[in-house]
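Residue-level structural notes
Below, each chain spelled out in residue letters.
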Amino acid sequence: MKLSVFTVATPDLTPEELVQAAKEAGLHGVEWRFKEVPEAVAGEQPSFWGNNLCSIDPSLPEPEMLKFKQVTEDQGLEVVSVTPYLNEMKLDETEHAFHAARLLGASMIRIGVAPYNKTLSYPDLYDKTVNYLKEAERLAKQYGVKGVVETHHGTIAPSAGLAHRLVSHCDPDHIGVLLDPGNMVHEGFEHYRMGMQLLGPYLAHVHIKNARFVQEGSREDGTAKWRSEWAPLREGVIDFASFVEDLKSVGYDGYLGIEDFSAQYDSRELLKQFGQFMRERM
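The notes below deal with the structure included here. (Residues numbered from 1 in each chain as written. Predicted model: local features only at pLDDT ≥ 70, side-chain atom pairs only at ≥ 80, totals over all residues. Heavy atoms only, no water.)

Re a negative patch on the surface
- Together, Asp-12, Glu-16, Glu-17 and Asp-266 make up a negatively charged patch on the protein surface.
- With respect to the secondary-structure elements, Glu-16 resides in helix H1 (residues 15–24). (Patch = residues over 30% accessible without salt bridge, like charges linked within 9 Å, V, L, I, M, F, W, Y side chains within 5 Å. Areas by Shrake-Rupley, 256 points an atom, 1.4 Å probe, with all protein chains shown as cover. Salt bridge = Lys/Arg side-chain N within 4 Å of Asp/Glu carboxyl O. Lys, Arg positive; Asp, Glu negative; His and termini not counted. Charge placed at Lys NZ, Arg CZ, Asp CG, Glu CD. Helix = DSSP H or I, 4+ residues; strand = E, 2+ residues; numbered from the N terminus.)

Spelled out as structure tokens, the structure:
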């Protein structure tokens, strides 16, 4: 297995600073955040989803976009993915991301999946997403880049099982699953090994972050009220030594990408800690 960084987690580094820090930390690849920074937040302090300095603006002309490939490869790293936010499942935006991924030499992009907030029925959202995934599969074949569905709370794919139900309509050579155990602490927990076994050839990528539960008072009926929150890798509920053993048991040999939102470390220290943490468990 190899190590990568999804640049949403390193908002205070420029692309040049990020690739140098990743190389020094012993990482092997970069997952580039593919999202514009709104003008309204451009002057703010760097943040994960706001003024993220380590993002590719999708509107960049190709020569400007190719600079991200150059700075990555100059450090001997691989462009692992182009990672957009496609929950509206618009095919024109999806195709643009596939095109950018091929341009940069990435092997995958994150594709969309319908959000779930109790306002629309799961069966309707399921049908809409499957129809989208079939079109995304067509684009994946056309561009030679895999599309991956992430296990993510707040969507109709919070677990390996529900993600598998969606992608099982597609060829695993073109459509796969990004397994994110940290997201599954918030919603969608299943035994990780069971989920990996179910996914089989659809298991395409893994994100590494941790989360925990904290009590925040009581409800009106006197019962305890809990919420989930992000946690540093060593402090959340996930046993990553066991998780890595589960990955090994199914023969996974792809990338493990850091996506830590705990804000315990600055970005350079986060990459160092991640590299050490995972090498101790691999």
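Observations regarding the packing of aromatic side chains
- Tallied over the full model, the rule gives eleven aromatic pairs.
- Arranged with centres 5.4 Å apart and planes meeting at 65 degrees, the rings of Phe-48 and Trp-49 form a pair that is edge-to-face.
- Geometrically, the ring pair formed by Phe-240 and Phe-243 is edge-to-face, given 6.0 Å between the ring centres and 85 degrees between the ring planes. On the criterion of helical spacing, the pair formed by Phe-240 and Phe-243 is a turn pair, its members being three residues apart in helix H8 (residues 240–249).
- A cation over a ring is seen here: Arg-165 above Tyr-126, with NZ or CZ 3.9 Å from the ring centre.
- Positioned above the aromatic ring of Phe-277 is the side chain of Arg-281, whose terminal nitrogen or guanidinium carbon lies 3.7 Å from the ring centre. (Phe/Tyr/Trp six-rings, centres within 6.5 Å; stacked < 30°, edge-to-face > 60°. Lys NZ or Arg CZ within 6 Å of the ring centre and 35° of its normal.)

With respect to unusual backbone geometry
- Non-glycine residue Lys-118 carries a positive phi angle of around 75 degrees.
- Inspection of the secondary structure assignment puts Lys-118 in the loop between strand E5 (108–110) and helix H4 (122–143).
- For Lys-118, a relative accessible area of 72% puts it in the exposed group.
- Despite not being glycine, Ala-263 has its phi angle at roughly 60 degrees, a positive value.
- Within the element layout of this structure, Ala-263 appears in the loop between strand E11 (255–258) and helix H9 (267–281). (Buried < 20%, exposed > 50% of the residue type's maximum accessible area, 1.4 Å probe, protein only.)

A few points about helix H7 (residues 192–199)
- Regarding H7, the residues found buried are Tyr-192, Gly-195, Met-196 and Leu-199. Projected down its long axis, H7 carries its buried residues within an arc of 100 degrees, all on one side.
- Contact partners of the buried residues in H7: helix H5 (160–167), strand E7 (175–179), helix H6 (181–186), strand E8 (203–208) and H8.
- Among the residues trailing H7, Gly-200 stands out with phi positive, at a value near 50 degrees. (Arc of directions from axis to C-beta. Contact = heavy atoms within 4.5 Å.)

Notes on the pairing of strand E2 (residues 29–34)
- Most of E2 is tucked away: six of the six residues are buried.
- Here E2 shows no split at all, with Gly-29, Glu-31 and Arg-33 on one side and Val-30, Trp-32 and Phe-34 on the other all buried.
- As defined by bridge partners, strand E1 (residues 2–6) adjoins E2 across three bridges and the pair is classed as parallel. Its bridge partner being in E2, Ser-4 is matched across the sheet by Gly-29.
- Of the strand pairs in this sheet, E2 and strand E4 (residues 78–83) are connected by five bridges, and their pairing is parallel. (Pairing = 2+ DSSP bridges.)

Side note on a nonpolar patch on the surface
- Nonpolar side chains collect at one region of the surface, where Phe-213, Trp-226 and Val-237 lie side by side and expose about 330 Å² of accessible area between them.
- Secondary-structure assignment places Phe-213 in strand E9 (residues 210–218).

Regarding the packing of H7 against H8
- For the pair H7 and H8, interaxial distance at closest approach is 9 Å and the crossing angle is 25 degrees. Classified by the interaxial angle, the pair formed by H7 and H8 is roughly parallel. Read as a crossing pair, H7 and H8 show a hand that is right-handed. Across the interface between the two elements, Tyr-192, Arg-193 and Met-196 from H7 touch Phe-243, Glu-245, Asp-246, Leu-247 and Ser-249 from H8.
- A class-by-class count of the residues in the contact of H7 with H8 yields four nonpolar, one polar and three charged. (Axes fitted to C-alpha atoms, helices over the stretch in contact; angles between N-to-C directions. Parallel < 35°, antiparallel > 145°, perpendicular 65-115°, else oblique. Left-handed = near helix turned anticlockwise from the far one by under 90°. Nonpolar A, V, L, I, M, F, W, Y, C, P; charged D, E, K, R; others polar.)

Here's the deal with helix H2 (residues 62–74)
- Taking 1.5 Å per residue as the helical rise, H2 with its 13 residues ought to reach 18 Å, and the 18 Å between its terminal C-alpha atoms agrees with that figure.
- Restricting attention to buried positions, one finds in H2 the residues Met-65, Phe-68, Val-71 and Thr-72. For H2, the angular spread of the buried residues around the axis is 110 degrees, confining them to a single face. The outward face of H2, more than 90 degrees from its buried face, is lined by the exposed residues Pro-63 and Asp-74.
- Its buried side turned inward, H2 meets H1, E2, strand E3 (55–56), E4 and helix H3 (91–104).
- Gly-76 sits one or two residues past H2 and shows a positive phi near 75 degrees. (Expected span 1.5 Å × (residues − 1).)

Comments concerning the pattern of salt bridges
- Under the counting rule described, the total for this entry stands at 16 salt bridges.
- Asp-246 is paired through a salt bridge with Arg-193; the nearest N and O atoms lie 2.7 Å apart. In this pair, Asp-246 sits in helix H8 while Arg-193 sits in helix H7, placing the two residues 53 residues apart along the sequence.
- Asp-246 sits in the buried class, given a relative accessible area of 5%.
- Residue classification places Arg-193 among the partly exposed residues on the basis of a relative accessible area of 31%.
- Here the residues in one salt-bridge network are Arg-212, Glu-216, Arg-227, Glu-229 and Glu-235, joined through shared partners.

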